[in-house]
Number of protein chains: 2
Amino acid sequence: MEPHEPDLTAVPVTAVLAALADDVRLQIVRALAEGGEAACGSFDFGVSKATRSHHLKVLREAGLTRTRAAGTSRLVRLRRDEVDKLYPGLLDAVLTSRPQA
Amino acid sequence: MEPHEPDLTAVPVTAVLAALADDVRLQIVRALAEGGEAACGSFDFGVSKATRSHHLKVLREAGLTRTRAAGTSRLVRLRRDEVDKLYPGLLDAVLTSRPQA
DNA sequence: GAGCTTGTTCGAGAATTGTCGAACAACGGT
DNA sequence: ACCGTTGTTCGACAATTCTCGAACAAGCTC
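Residues numbered from 1 in each chain as written. Chains lettered and ligands numbered in written order. Predicted model: local features only at pLDDT ≥ 70, side-chain atom pairs only at ≥ 80, totals over all residues. Heavy atoms only, no water.

Note on the copies: chain B fits chain A at an RMSD of 0.0 Å, the axial shift is 0.0 Å, and the rotation between them is 180°. Given the turn and translation reported, the copies of this chain are related as if by a two-fold rotation axis. Rotation axis and chain B: the residue whose C-alpha lies nearest the axis is Gly 89 of chain B, separated from it by 2.1 Å. (Least-squares fit on C-alpha atoms with pLDDT ≥ 70 in both.)

If you look at the interface, chain B gives 23 residues, while chain A gives 23 residues. Summed over both sides, the interface of chain B with chain A buries roughly 1,600 Å², with 68% coming from carbon and sulfur. The tally of links from chain B across to chain A stands at zero residue pairs in polar contact (both at pLDDT 80 or more). Listing elements by their share of the side of chain B that touches chain A, those giving two or more residues are helix H1 (13-20), helix H2 (23-35) and helix H5 (90-95) of chain B. A total of five residues in the side of chain B that touches chain A trace back to one element, the largest contributor, which is H1 of chain B. Partitioning the side of chain B that touches chain A into residue classes produces 15 nonpolar, four polar and four charged. (Contact = heavy atoms within 4.5 Å. Buried area = accessible area lost by both parts, 1.4 Å probe. Polar contact = N/O pair within 3.5 Å; in protein donor to acceptor, adjacent residues only side chain to side chain. Helix = DSSP H or I, 4+ residues; strand = E, 2+ residues; numbered from the N terminus. Nonpolar A, V, L, I, M, F, W, Y, C, P; charged D, E, K, R; others polar.)

Judged by nonpolar contacts, the single largest core of 56 residues is most densely connected at Val 16, Leu 20, Leu 64 and Leu 90 of chain A together with Leu 17, Leu 64 and Leu 90 of chain B. In this structure Leu 64 of chain B touches Val 16, Ala 19, Leu 20, Leu 59, Arg 77, Leu 78, Arg 79 and Val 83 of chain B, once residues within four positions along its chain are discounted. (Core = buried A, V, L, I, M, F, W, Y, C linked by side-chain atoms within 4.5 Å. Buried < 20%, exposed > 50% of the residue type's maximum accessible area, 1.4 Å probe, protein only.)

Looking now at the protein's contact with DNA strand C. The environment of DNA strand C is formed by 20 residues, the closest being Ser 48, Thr 51 and His 55 of chain A together with Ser 53 and Thr 72 of chain B. Thr 51 of chain A is positioned with one of its side-chain polar atoms (N or O) 2.8 Å from a phosphate oxygen of DNA strand C. Between DNA strand C and Cys 40 of chain B, the relevant distance is 3.4 Å, taken from a phosphate oxygen to a main-chain nitrogen or oxygen of the residue. For the surface near DNA strand C, the elements supplying multiple residues, two or more each, are helix H3 (49-61) of chain A together with helix H3 (49-61) and strand E3 (73-78) of chain B. (Near = heavy atom within 4 Å.)

Right, here's the structure in full:
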């Protein structure tokens, strides 16, 4: 069972935007942008682990993250370079916005 | 009845992204970016006028467009400068992506 | 004023999405 | 081998969103 990490060019731009258009997922992306690779469990934003797993799947299938197994954990990281190359300014614009707006 | 055009800084970034994360609305934004101000009726992307009106409302309430009355029509335009200032690169990233992805 | 054009608003239905608990799977340590 | 930890998957339910036709409102023209 592959993690299903698509080529970013194959993902509709609306799917990328939709992936970023959620508070929980945006918090995950912010954490990844700031802290680099992190275990799934390190994201605790007030949702159940089932919900968190769902959000990570959305991000992964939108081509925004990559996941690799590490023991009993899974490490997630942002596909920063690829996203920046295909959508220059997108992540910057989203990430530098004050978290509250 | 006001058009309800919020200050862009008052709109959550997730709402802005969600507004852009739809095919019909993205086509509208593209058309506005390319052709400047346009009447609501000029957008014909295969949806009913009720649906089109709904999408224009979403864009307006996300702070992305402004609307002004002009006779029996309403002219819509992109708030390009404001968006670019608050989210540099966002519109560029979205608009320059080939329409099909 | 009658009639046409242009848009908005009002339900309502279909589809998608976010959320959860419970069950399952894989790994590591004792 | 057992157990605890870490995640994923499976229904299920609630909420949101997209879509439409019909009704309504406002403005122009005859």
